[in-house]
Amino acid sequence: MATKKALITGITGQDGSYLAELLLEKGYEVHGVIRRSSSFNTDRIDHIYRDPHEQGTRLFLHYGDLHDASSLNLLLRRLRPDEIYNLGAQSHVRVSFDVPEYTGDVTGLGAARLLEAAREAGLAGTRIYQASSSEMFGASPPPQDERTVFYPRSPYGAAKVYAFWMGVNYREAYGMHVSNGILFNHESPRRGETFVTRKVTRAASRIKVGLQEKLFLGNLEARRDWGYARDYVEAMWLMLQQPKGDDYVVATGEAHTVRELCEAAFARVGLDYRKHVEIDPRYFRPTEVDFLLGDPSKAREKLGWTPRTTFAELVRIMMEADLELAEREKRAGAGPAVSRHG
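Computed from a predicted structure; not experimentally measured.

**What to know about the confidence of the model for the protein chain**
Logical step 1: Averaged over the protein chain, the pLDDT score is 93; the fraction of residues at 70 or greater is 93%.
Logical step 2: Low pLDDT, under 50, characterises residues 51-56; the predicted model gives this stretch 6 contacts beyond four residues in sequence or across chains.

The following block contains the structure:
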């Protein structure tokens, strides 16, 4: 059997790195799209890209950009991948209020450029995964499933809604195998440090070893359905193994507040979060999403997918990794700091 070839946009991000690992384990040849910049941002995939053993020879990186249709067209015509995973985006919700046009261009129009590039290249047999988001639901009451009305409350959520419907349109208009994975919040030690889960675990770890005193956050009552990114990329892959493209909610079906997250993370290192976490109104969003809770019934029934990692286990995994990182920082002589994030 010929080796399957997959192309991943956003391969240097949290999900892209875990997906690359999964596909390499399954014997794929993996190609990743990276943007040209003055510095490399491949930390999350260096351990597989530089692997001297056999799997390292099946990971290839290419310069490209979701801003640039010509680079996408050329890449798809040259590689002709069996599967495309579009994970590239400006994915920070709070930042999307500061750069709404950029967010729409990359997160929304970028998906359209990729779909059109695949159509123009004649990739009729190629299966495409579009990374959708629970932020598309926004103010719609929970639990949210595939039939829930979208009501985005941020430029990021609105851009993701556009990308979702473009995926549906290309599936129905051209018969393309396109699946939208509506993933609820999913975290890991590879999560960017500007996202709330990682801010909390980083701060708790740094406070424990004496490198930090306070953590400033916004809305502690926001409720989210948090899962483990390593579990969620398996759902992405399963979607593209189905006979036809479709849309799936991927979630745990369990929600926790940011306050509960703080309590659990600080408790892992014997601290009371109330002594270290303070509220700063500057970190509230202009329009808040109060409650996201996914119903993954369809993914369970059609894909056979269920999350394997509990909320408590996820917090443990992230805290252990960040505590080790904080201890390395302390040995290296890092000074104390205050984390002011929302």
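**A look at the packing of helix α3 (residues 69-79) against helix α5 (residues 100-120)**
Logical step 1: Running from N to C, α3 and α5 point in directions that differ by 40°, and their axes come no closer than 9 Å. One way to sum up the angle between α3 and α5 is to call them oblique. In the crossing of α3 with α5, the sense of the turn from one axis to the other is right-handed. Here α3 contributes A69, L72, N73, L76 and R77 to the contact with α5, which in turn contributes R113, L114, A117, A118 and E120.
Logical step 2: Of the residues assigned to the contact of α3 with α5, the class counts are 6 nonpolar, 1 polar and 3 charged.

**A look at the nonpolar core**
One broad rule of soluble globular proteins: the nonpolar side chains tend to lie buried together.
Logical step 1: Counting residues in hydrophobic clusters, the biggest one holds 59 residues, and the most contacted among them are I8, I11, L19, L23, V30, Y85 and Y129.
Logical step 2: Among the elements that take part in this core, helix α8 (residues 229-239) stands out by supplying 8 residues, more than any other.
Logical step 3: Sequence-distant contacts of I11, that is, excluding residues within four places in its chain, are made with G16, S17, A20, V30, G32, V33, I34, I45, L59 and L61.
Logical step 4: Residues I84, A112, A121 and L123 belong to the second largest nonpolar core, which totals 21 residues.

**Here we look at the packing of aromatic side chains**
Logical step 1: Inspection of the entire model under this criterion finds 10 aromatic pairs.
Logical step 2: Seen from their ring centres, F150 and W165 are 6.4 Å apart, and the 70° between their planes marks the pair as edge-to-face. Taken together, the residues F150 in the loop between β5 (127-133) and α6 (155-174) and W165 in helix α6 connect sequence positions 15 residues apart.
Logical step 3: Taken together through their ring pairs, the aromatic side chains of F137, F150, F164, W165 and F184 make up a single cluster.
Logical step 4: For the cation-ring pair, R119 lies above Y174, with the distance from its terminal atom to the ring centre recorded as 4.9 Å.
Logical step 5: Here the guanidinium or amino end of R190 rests over the ring plane of Y18, the centre of that ring lying 4.0 Å away.

Conventions adopted
- Residues numbered from 1 in each chain as written.
- Predicted model: local features only at pLDDT ≥ 70, side-chain atom pairs only at ≥ 80, totals over all residues.
- Heavy atoms only, no water.
- pLDDT = per-residue confidence, 0-100.
- Contact = heavy atoms within 4.5 Å.
- Axes fitted to C-alpha atoms, helices over the stretch in contact; angles between N-to-C directions.
- Helix = DSSP H or I, 4+ residues; strand = E, 2+ residues; numbered from the N terminus.
- Parallel < 35°, antiparallel > 145°, perpendicular 65-115°, else oblique.
- Left-handed = near helix turned anticlockwise from the far one by under 90°.
- Nonpolar A, V, L, I, M, F, W, Y, C, P; charged D, E, K, R; others polar.
- Core = buried A, V, L, I, M, F, W, Y, C linked by side-chain atoms within 4.5 Å.
- Buried < 20%, exposed > 50% of the residue type's maximum accessible area, 1.4 Å probe, protein only.
- Phe/Tyr/Trp six-rings, centres within 6.5 Å; stacked < 30°, edge-to-face > 60°.
- Lys NZ or Arg CZ within 6 Å of the ring centre and 35° of its normal.

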